Amino acid sequence: MADTALTARRRSPLAHAADRLAAATRSSGGAVRLAELPFLAQVNVRLDAKSPAADAVGLALGFQLPLEPNTVVRAGDLTAVWLGPDEWLLVAPPGTQRELEGRIRAAAGDEPVSVTDVSAQRTTLLVAGPRARDLLAHGCALDLHPRAFGPGRCAQTTLARTQVVLVARDEARAGFWVLVRSSFAGYLTDWLLDAAVEYG
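Residue numbers run consecutively from 1 along every chain, following the written order of its sequence. Local features in a predicted model are, by the rule used here, given only for residues with pLDDT of at least 70; side-chain atom pairs are given and counted only at 80 or more, and totals for whole chains, interfaces and linings are based on all residues. Derived side-chain values reflect all non-hydrogen atoms in the structure, with water molecules and hydrogen atoms excluded from consideration.

## Quick word on the pattern of salt bridges
Throughout this description, the term salt bridge denotes a Lys or Arg side-chain nitrogen within 4 Å of a carboxyl oxygen of Asp or Glu. Applying the stated criterion across every chain, the model contains eight salt bridges. A salt bridge links arginine 103 to glutamate 99; its shortest N-O distance comes to 3.1 Å. Of this pair, arginine 103 and glutamate 99 both sit in helix H4 (residues 97-108), four residues apart, which is roughly one turn of that helix. Residue glutamate 101 pairs with arginine 105 through a salt bridge whose shortest N-O separation is 3.7 Å. Taken together, the positions of glutamate 101 and arginine 105, both in helix H4 and four residues apart, correspond to about one turn of that helix. Runs of E in the DSSP output that reach at least two residues are strands. Runs of H or I that reach at least four are helices, and both are numbered from the N terminus.

Laid out in structure tokens, this is it:
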């Protein structure tokens, strides 16, 4: 029984919705693009932003953690999302969370730091296309105009009454990441698909 559990194929929270997301993308004629980005590595980091650990971790990551509220820093496949004055979410390719955790712990040394793998906590929805902002605005109270929430911005907010981390990707055409807890992912996907009907 234990062997079966270890070898069972992982299933993302939205595997059942992949066809519906693809169909909505096709029917919108390119206005919106909806997809799940499953299994992204997500590592929560807490440390004093003014400590030697912050500088050491920044060197290990190849960039300094963002210090301006609600901003994102990206280098290669690694993205750091500001969550608070002493808290960040690192998002990286699937399967890299252990290596990322180890790199941060080694860099921090004896300095106080909290590093937690939260990859299984959330999944990520991609919302892109020329009407992506309009689609998200149907259920989000934030001002999503590019002047207020342009590339490189992020926020912990609600979308369709669901708590999410919303990230405006660093290229306008790259759209948005919507990081949502796995238990709410199905509901939020249904809401997005329903809202996207007007673009079909």
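## Here's the deal with the sheet that holds strand S2 (residues 41-46)
Strand pairs in the sheet, formed through backbone hydrogen bonds, run parallel or antiparallel to each other. The strand order S3-S4-S5-S2-S6 describes an open sheet built from five strands, whose pairing is antiparallel. Strands with a single pairing partner mark the edges of an open sheet, and in this sheet they are strand S3 (72-75) and strand S6 (114-117). For this sheet the average axis-to-axis angle between neighbouring strands, irrespective of direction, equals 20°. Where strand S4 (residues 78-84) and strand S5 (residues 87-92) come together, five bridges link them in antiparallel fashion. Residue pairing across strands places threonine 79 opposite valine 91, the latter belonging to S5. Any pair of residues with heavy atoms lying within 4.5 Å of one another is described as a contacting pair. Under this scheme, a helix contributes an axis fitted over its contacting stretch, all axes are lines through C-alpha atoms, and angles between N-to-C directions fall in the 0 to 180 degree range. On top of the sheet, H4 reaches S2, S4, S5 and S6; it is set at about 20° to S2, its chief contact. Strands qualify as paired when DSSP identifies two bridges or more between them.

## A closer look at H4
To estimate how far a helix should reach, multiply one less than its number of residues by 1.5 Å. Here H4 spans 16 Å end to end across 12 residues, near enough to the 16 Å set by a 1.5 Å rise per residue. Looking only at H4, the buried set comprises Gln97, Leu100, Glu101, Ile104 and Ala108. Projected onto a plane normal to the axis of H4, the buried residues spread over an arc of 100° and lie on a single side. Residues Arg98 and Ala106 are exposed on H4 and point more than 90 degrees away from its buried face. Of the residues flanking the end of H4, it is glycine 109, one or two places downstream, whose phi is positive at about 60°. The buried label goes to any residue with under 20% of its type's maximum accessible area, the exposed label to any with over 50%, and the partly exposed label to all in between, with areas taken from a 1.4 Å probe on protein chains only. Within this analysis, the arc is defined by the directions that extend from the helix axis to the C-beta atoms.

## Section: the packing of helix H3 (residues 52-61) against H4
Closest axis-to-axis distance for the H3/H4 pair is 8 Å, and the angle between their directions is 140°. Put simply, H3 runs oblique to H4. Crossing handedness for the pair H3 and H4: right-handed. Two secondary-structure elements touch here, H3 through Ala53, Ala56, Val57, Ala60 and Leu61 and H4 through Leu100, Arg103, Ile104, Ala107 and Ala108. All residues other than Ala, Val, Leu, Ile, Met, Phe, Trp, Tyr, Cys, Pro, Asp, Glu, Lys and Arg, Gly among them, are scored as polar; the first ten of these are nonpolar and the last four charged. Here the residues of the contact of H3 with H4 sort into nine nonpolar, no polar and one charged. An angle below 35 degrees is treated as roughly parallel, one above 145 as roughly antiparallel, one from 65 to 115 as roughly perpendicular, and anything else as oblique. Crossings are sorted by hand: turned counterclockwise from the far helix by less than a right angle, the near helix makes the crossing left-handed, and turned clockwise it makes it right-handed.

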